[in-house]
Amino acid sequence: MNEIYNRLNEVFREVFDDDSITVNAETTAADIEDWDSLTHIQLIAAVEDEFGVKFSMKQVSSMKNVGEMAQILADAQ
């Protein structure tokens, strides 16, 4: 799971153009200043590219924090 978080950190830093971002299981959109609906779409696409997965609309709409995203990615591997 640490590898997933390391890779997610890289994706988040790239999407938000902020090298200081460090995500954890509790991180939500409220914790990252520029995380709005547009960057959310970009983030989902970037995570899908990085991990070679395709989230379902149900998964995307049900994710409440980065921990839930990481769990979906872990289950997909």
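Description of the structure in this document. Values in this document were obtained by computation on a predicted structure and should not be read as measured data.

### A closer look at helix α4 (residues 66-76)
Point 1. Residues Val66, Gly67, Met69, Ala70, Ile72 and Leu73 constitute the buried set of α4.
Point 2. Tucked inside the fold, the buried residues of α4 contact α1 (2-16), α2 (37-51) and α3 (57-62).
Point 3. Sitting at the amino-terminal end of α4 is Asn65, which places a side-chain oxygen 3.1 Å from the backbone nitrogen of Gly67.

### Here we look at the nonpolar core
As a rule of thumb, soluble globular proteins bury nonpolar side chains together.
Point 1. Formed by 23 residues in total, the largest nonpolar core has its most connected members in Leu8, Phe12, Val47, Phe55, Met69 and Leu73.
Point 2. When contributions to this core are tallied by element, the ones reaching two or more residues are α1, α2 and α4.
Point 3. The element that contributes the greatest number of residues to this core is α1, accounting for six residues.
Point 4. Ignoring anything within four residues of it in the chain, the contact list for Leu8 reads Val23, Val47, Phe51, Val66, Met69, Ala70 and Leu73.

### Considering a negative patch on the surface
Point 1. Residues Asp17, Asp18, Asp19, Glu33, Asp34 and Asp36 make up a contiguous surface patch of negative charge.
Point 2. For Asp17, a relative accessible area of 72% corresponds to the exposed category.

### Overview of α1
Point 1. Here α1 is 15 residues long and its end C-alpha atoms lie 21 Å apart, about the 21 Å a rise of 1.5 Å per residue gives.
Point 2. Taken together, the buried positions of α1 are occupied by Ile4, Tyr5, Leu8, Asn9, Val11, Phe12 and Phe16.
Point 3. Phi for Asp17, located one or two positions after α1, is positive at around 50°.

### Some thoughts on the packing of α1 against α2
Point 1. In contact at an axis separation of 10 Å, α1 and α2 are set at 135° when each is read in the N-to-C sense. Comparing their axes, α2 and α1 come out oblique. In this structure, the crossing between α1 and α2 has a hand that is right-handed. Only Thr39, Gln42, Leu43, Ala46, Val47, Glu50 and Phe51 of α2 make contact with α1, whose side of the interface consists of Ile4, Arg7, Leu8, Val11, Phe12, Val15 and Phe16.

Cut-offs used in this document
Here the residue numbering is sequential within each chain, running from 1 through the sequence in written order. The predicted nature of this model means local features are confined to residues of pLDDT at least 70 and side-chain atom pairs, given and counted, to a pLDDT of 80 or more, with totals for whole chains, interfaces and linings taken over all residues. Only heavy atoms go into the side-chain values, all of them from the structure, while hydrogens and water stay out. The rule is simple: take the accessible area with a 1.4 Å probe, protein chains only, and divide by the maximum for that residue type; under 20% is buried, over 50% is exposed, in between is partly exposed. Runs of E in the DSSP output that reach at least two residues are strands. Runs of H or I that reach at least four are helices, and both are numbered from the N terminus. Note on contacts: a residue pair qualifies if any of its non-hydrogen atoms lie within 4.5 Å across the two residues. Side-chain atoms alone can form a polar contact between residues adjacent in sequence; in general such a contact is a pair of N or O atoms within 3.5 Å, and within protein one must be able to donate a hydrogen while the other accepts it. Take the buried Ala, Val, Leu, Ile, Met, Phe, Trp, Tyr and Cys residues and link them wherever side-chain atoms come within 4.5 Å; each set so joined is a nonpolar core. Residues with no salt bridge and a relative accessible area higher than 30% make up the patches, which join like charges within 9 Å and nonpolar side chains (Val, Leu, Ile, Met, Phe, Trp, Tyr) within 5 Å. Areas reported here follow the Shrake-Rupley algorithm with a probe of radius 1.4 Å; residue values treat only the protein chains shown as occluding. One speaks of a salt bridge when a side-chain nitrogen belonging to Lys or Arg is within 4 Å of a carboxyl oxygen belonging to Asp or Glu. This count recognises Lys and Arg as positive and Asp and Glu as negative, with His and chain-terminal groups excluded. Here the site of a charge means NZ on Lys, CZ on Arg, CG on Asp, or CD on Glu. To estimate how far a helix should extend, the number of its residues minus one is multiplied by 1.5 Å. Geometry is summarised by axes, namely lines fitted to C-alpha atoms with helices restricted to the contacting stretch, and by angles between N-to-C directions that run from 0 to 180 degrees. Note on terminology: angles under 35 degrees are roughly parallel, angles over 145 are roughly antiparallel, angles of 65 to 115 are roughly perpendicular, and the others are oblique. Helix crossings are classified by the rotation of the near helix relative to the far one: an anticlockwise turn of less than a right angle makes the crossing left-handed, while a clockwise turn makes it right-handed.

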